[in-house]
Amino acid sequence: GFALQYRIGQLYMISKHSHEQSDRGEGVEVVQNEPYEDPNHGNGQLTEKRVYLNSKLPSWARAVVPKIFYVTEKAWNYYPYTITEYTCSFLPKFSIHIETKYEDNKGSNDSIFDKEAKDLEREVCFIDIASDEIPERYYKESEDPKYFKSQKTGRGQLKEGWRETHQPIMCSYKLVTVKFEVWGLQTRVEQFVHKVVRDILLIGHRQAFAWVDEWYDMTMDEVREFERATQEATNKKIGIFPPAISISSISMPSSTRSAPSSAPSTPLSTDAPEFLTVPKDRPRKKSAPETLTLLDPGK
């Protein structure tokens, strides 16, 4: 049914998006992709990825960051429920935790996460793939649901109010928790990360919709094979060679095996966070930001 269609489209989008965003020394490496059994959630899939970001950092950050810098993404997929966690090896106080549930409705279930987060302060925001603005650098007219029309399904050209009338429809509900326990920077960084996560979700779901004619006829086995081949090609494109990185004992999933896929529901962009880059249209400041205190390596 439609839930399977949605899942195939999502897995296709994540693989293609990761490949497009990857380049030599940058991008998304799949470290493991294995079946996983959980006592509460049953059979699922564990995927671990590394998102390499080193050359995306500004020069002052590269001076204090380990030469090979990556964010680890772990996802436990028990579709239609997924848990995704992001951590960073040299920022122990930083983490992102995302729980995802999928339902065949237009976002009308207000109590979907009541059990998980009774005591937490929560802000609910709707993401509309047709009308919400995305950062200019990501915009492509061919991926704009307002203008895209699918040849195979007739879906598309989503007009104002499309959620009330469009069928079939699926909602991806996400509970996003960001932690950055550093005094003075906590609120700013946490707010920023929520915005980045929102942008990434918006872009990814726009792409899944706009690429529908590419994945619509695929079976689950075919999209898993596409995922496996794309992961292999992405690793080659990134150019991760054992002499450069001391993780040579970890290899890609064997190309002869088509492991059940669990790609997480959050596509990743390897663009630098905006607070780490100097906007192109503004001259570079002579001094470092006042709030940034770098430790003296000699101490």
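One can find the structure itself at the top, above this paragraph.
Here the structure is a predicted model, which means the values were calculated and not measured. (Residues numbered from 1 in each chain as written. Predicted model: local features only at pLDDT ≥ 70, side-chain atom pairs only at ≥ 80, totals over all residues. Heavy atoms only, no water.)

A. View of the environment of Val-28. For Val-28, the location among the structural elements is in strand β1 (residues 27-38). Note: C-alpha distance between Val-28 and Val-51 (23 residues apart in sequence) is 4.5 Å. (Helix = DSSP H or I, 4+ residues; strand = E, 2+ residues; numbered from the N terminus.)

B. How the structure looks around the sheet that holds strand β4 (residues 81-88). Reading across the sheet, the 6 strands line up as β1-β2-β3-β4-β5-β6 and stay open at both edges, with antiparallel pairing between neighbours. Looking at the sheet topology across the chains shown, the edges are occupied by β1 and β6 (171-180). Neighbouring strand axes in the sheet, compared pairwise and without regard to direction, differ in orientation by 15 degrees on average. As paired strands, β4 and strand β5 (residues 94-103) are joined by 7 bridges and run antiparallel to one another. Looking across to β5, one finds that Thr-82 is bridged to Thr-100. Here helix α1 (residues 2-21) sits on the sheet in contact with β1, β2 (42-52), β3 (70-78), β5 and β6, set at roughly 150 degrees to β5. (Pairing = 2+ DSSP bridges. Axes fitted to C-alpha atoms, helices over the stretch in contact; angles between N-to-C directions. Contact = heavy atoms within 4.5 Å.)

C. View of helix α6 (residues 220-238). The end-to-end C-alpha separation of α6 is 26 Å, in line with the 27 Å expected for 19 residues at 1.5 Å each. Turning to α6, its buried residues number three or more, namely Met-220, Val-223, Arg-224, Glu-227, Arg-228, Thr-230, Gln-231, Thr-234, Asn-235 and Ile-238. The elements touched by buried residues of α6 are α1 and β1. (Expected span 1.5 Å × (residues − 1). Buried < 20%, exposed > 50% of the residue type's maximum accessible area, 1.4 Å probe, protein only.)

D. The packing of aromatic side chains, seen in detail. Counting across every chain of the model gives 6 aromatic pairs. Relative to Phe-226, the ring of Tyr-12 has its centre 4.4 Å away and its plane inclined at 15 degrees; by these criteria the two rings are stacked. Placement of the pair is Tyr-12 in helix α1 and Phe-226 in helix α6, with a sequence separation of 214 residues. Since its relative accessible area comes to 7%, Tyr-12 is described here as buried. Geometrically, the ring pair formed by Phe-148 and Phe-209 is edge-to-face, given 5.9 Å between the ring centres and 75 degrees between the ring planes. Of the two residues, Phe-148 is situated in the loop between β5 and α3 (162-165) and Phe-209 in helix α4 (residues 186-210); the sequence distance between them amounts to 61 residues. Take Phe-148 and Phe-209: they sit in the same class, and that class is buried. Between Lys-16 and the ring centre of Trp-211, over which it is positioned, the NZ or CZ distance is 4.2 Å. (Phe/Tyr/Trp six-rings, centres within 6.5 Å; stacked < 30°, edge-to-face > 60°. Lys NZ or Arg CZ within 6 Å of the ring centre and 35° of its normal.)

E. The nonpolar core, seen in detail. Among the nonpolar cores identified, the biggest contains 20 residues, and Ile-8, Tyr-12, Leu-158, Trp-162, Trp-215, Met-218 and Val-223 are the most heavily contacted of them. Those elements that provide at least two residues to this core are α1, α4, α5 (212-215) and α6. Counting residues per element, this core draws most heavily on α1, which supplies 5 residues. Once residues lying within four places of it in the same chain are set aside, the contact partners of Leu-158 are Ile-129, Ala-130, Pro-145, Lys-146, His-166 and Phe-209. (Core = buried A, V, L, I, M, F, W, Y, C linked by side-chain atoms within 4.5 Å.)

F. The arrangement of the pattern of salt bridges in detail. This structure, assessed with the given rule, holds 11 salt bridges. Where Asp-199 meets Lys-195, a salt bridge forms, and the shortest distance between an N and an O atom there is 2.8 Å. One end of the pair, Asp-199, and the other, Lys-195, are both in helix α4, 4 residues apart, so they sit about a helical turn from each other. A relative accessible area of 11% means that Asp-199 is categorised as buried. On the basis of relative accessible area, Lys-195 is assigned to the partly exposed category, the value being 41%. (Salt bridge = Lys/Arg side-chain N within 4 Å of Asp/Glu carboxyl O.)

G. Highlighting the packing of α1 against α6. Axis separation between α1 and α6 bottoms out at 9 Å; the angle between their running directions is 10 degrees. Put simply, α1 runs roughly parallel to α6. Between α1 and α6, the residues in contact are Leu-4, Arg-7, Ile-8, Leu-11, Tyr-12, Ser-15, Lys-16, Ser-18, His-19 and Glu-20 and Met-220, Val-223, Phe-226, Glu-227, Thr-230, Ala-233, Thr-234 and Lys-237, respectively. (Parallel < 35°, antiparallel > 145°, perpendicular 65-115°, else oblique.)

H. Local environment of the pairing of β4. The buried fraction of β4 is high, at 6 of 8 residues. Where β3 lies against β4, 8 bridges are found, and the strand directions are antiparallel. Across the sheet, residue Tyr-78 finds its bridge partner in β4, namely Tyr-81. Connecting β3 to the antiparallel partner β4 that follows it, the hairpin turn spans 2 residues. Hairpin connection between β4 and β5: a loop of 5 residues separates the two successive antiparallel strands.

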